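Okay, here's what each chain looks like letter by letter:
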Amino acid sequence: HYYITNNLSFKKMCESVRGCIQGFAKVILIIINTIALLTGIVLVGMGIFTMAKGKEYLPDVGISLTTPAVFLIILGVLLFFIGCFGCFGAITGRLSLLNVYLILLGIIIVLELGVLIYGFVNKGKVESTIKDAITDPFNDVNEKGPDADKIDRATVDTIQEKAECCGIDGPGFWTNAKFAPQVPASCCKNHAADEELCDKDQAYQFGCLNSTEMLVKDALSIIIIVIVVIVLFQLICMAMAWCSRGDYESVDA
């Protein structure tokens, strides 16, 4: 009799602990998915802003902003729907919504891991593309001077102004007779709008190749960190959802 009583007490304690864990998981699931829903809205907004205004804030290095912008929008939409299913599943306690939520989370995690792997595998190709995209217009402008292609001149000016740099490897890069002994006005921080040239001693001393590569690497690092954080965030969501399955099953029953 004593053994049966203790056994029943132990079972009740286990059920009580289990209920507390399930209840806690449910609350955390609602909070996390509310954050995911709001994050999805923010990412969609960032993607639209990048497509519409990205070129005004980022230097043109020969890489289209459309692809990362579309990726942000798709990721934002997926996070929005995942957040919706997670929130409604947690609030209503419907197992069917939870199952859809887990499936969507699994799909998006696989896609994100695929993007990370693709980025690491093609890192060298991206760096080579950036180097060529920077070097070609700079060489054209240095060779032809003011007679260079308008697009190349605009690209050079944009890179030098946004990245605060001068030439490929510094002010000494500009050797064209029409520039010497000065450099293009975009090399200098406080040049007048109608100026075409400025003095070398007032120019940025850093080369644009290194400066732009650093900007791109910083941007890629931020993207990688964001994706890793999102994956960890989603794994926590899956764990919380799985822990609370018993609570959902009892509701459906």
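Everything discussed here concerns the structure shown above.
Residues numbered from 1 in each chain as written. Predicted model: local features only at pLDDT ≥ 70, side-chain atom pairs only at ≥ 80, totals over all residues. Heavy atoms only, no water.

Peer 1: Where do I start with the packing of aromatic side chains in this structure?
Peer 2: Each aromatic ring pair is summarised here by two numbers: the centre-to-centre distance and the angle between the ring planes. If you walk through the whole model with that rule in mind, you get four aromatic pairs. On the basis of an interplanar angle of 80° and a centroid distance of 5.7 Å, the ring pair of Phe80 and Phe81 is categorised as edge-to-face. With a relative accessible area of 44%, Phe81 lands in the partly exposed category. (Phe/Tyr/Trp six-rings, centres within 6.5 Å; stacked < 30°, edge-to-face > 60°. Buried < 20%, exposed > 50% of the residue type's maximum accessible area, 1.4 Å probe, protein only.)

Peer 1: I tried to follow the environment of Glu161 on my own but got confused; where do I start?
Peer 2: You can see Glu161 is positioned in helix H5 (residues 150–163). Beyond its immediate stretch of four places on either side in the chain, Glu161 contacts Ser186 and His191. (Helix = DSSP H or I, 4+ residues; strand = E, 2+ residues; numbered from the N terminus. Contact = heavy atoms within 4.5 Å.)

Peer 1: I'm lost on the state of the cysteines in this one. Help?
Peer 2: A covalent bond between the sulfur atoms of two cysteines is what we call a disulfide. Tallied over the entire structure, the rule returns three disulfides. The partner cysteine of Cys166 in its disulfide is Cys187, sulfur to sulfur 2.1 Å. With the S-S dihedral at roughly 85°, the linkage between Cys166 and Cys187 falls on the right-handed side. Residue Cys166 is located in the loop between H5 and strand S1 (183–184), and its partner Cys187 is located in the loop between S1 and strand S2 (197–198); the two are separated by 21 residues in the primary sequence. By relative accessible area, Cys166 is classed as buried at 0%. Residue classification places Cys187 among the buried positions, given a relative accessible area of 0%. In this model, Cys188 is linked to Cys198 through a disulfide, with the two sulfur atoms separated by 1.9 Å. Handedness here is read from the sign of the S-S torsion; for Cys188 and Cys198, about 85°, the answer is right-handed. (Disulfide = S-S within 2.5 Å.)

Peer 1: Honestly, a negative patch on the surface in this entry has me stumped. Any pointers?
Peer 2: A grouping of Asp194, Glu195, Glu196, Asp199 and Asp201 is seen on the molecular surface, where their side chains present a negatively charged patch. One can find Glu196 in the loop between S1 and S2. Owing to a relative accessible area of 65%, Glu196 belongs among the exposed residues under this scheme. (Patch = residues over 30% accessible without salt bridge, like charges linked within 9 Å, V, L, I, M, F, W, Y side chains within 5 Å. Areas by Shrake-Rupley, 256 points an atom, 1.4 Å probe, with all protein chains shown as cover. Salt bridge = Lys/Arg side-chain N within 4 Å of Asp/Glu carboxyl O. Lys, Arg positive; Asp, Glu negative; His and termini not counted. Charge placed at Lys NZ, Arg CZ, Asp CG, Glu CD.)

Peer 1: Mind showing me how you'd approach the layout of surface pockets here?
Peer 2: A probe matching the size of a water molecule, rolled over the atoms, marks out where space remains unfilled. Empty space within the second largest pocket amounts to approximately 330 Å³. It is H5 that contributes the most residues to the lining of the second largest pocket, four residues altogether. A breakdown of the residues in the lining of the second largest pocket according to their chemical character gives eight nonpolar, three polar and five charged. (1 Å grid on protein atoms, 1.4 Å probe; cavity = no way out; pocket = protein on both sides within 12 Å on 5 of 7 lines; lining within 4 Å. Points joined across faces, edges and corners; volume = space filled by probe spheres on them. Nonpolar A, V, L, I, M, F, W, Y, C, P; charged D, E, K, R; others polar.)

Peer 1: Explain unusual backbone geometry to me, please; I cannot follow it from the model alone.
Peer 2: Excluding glycine, a negative phi dihedral is what most residues carry, and trans is how most peptide bonds are arranged. The backbone of Glu164 shows a phi angle near 55°, a positive value even though the residue is not glycine. By the element assignment, Glu164 lies in the loop between H5 and S1. When its relative accessible area of 42% is taken as the criterion, Glu164 is described as partly exposed.

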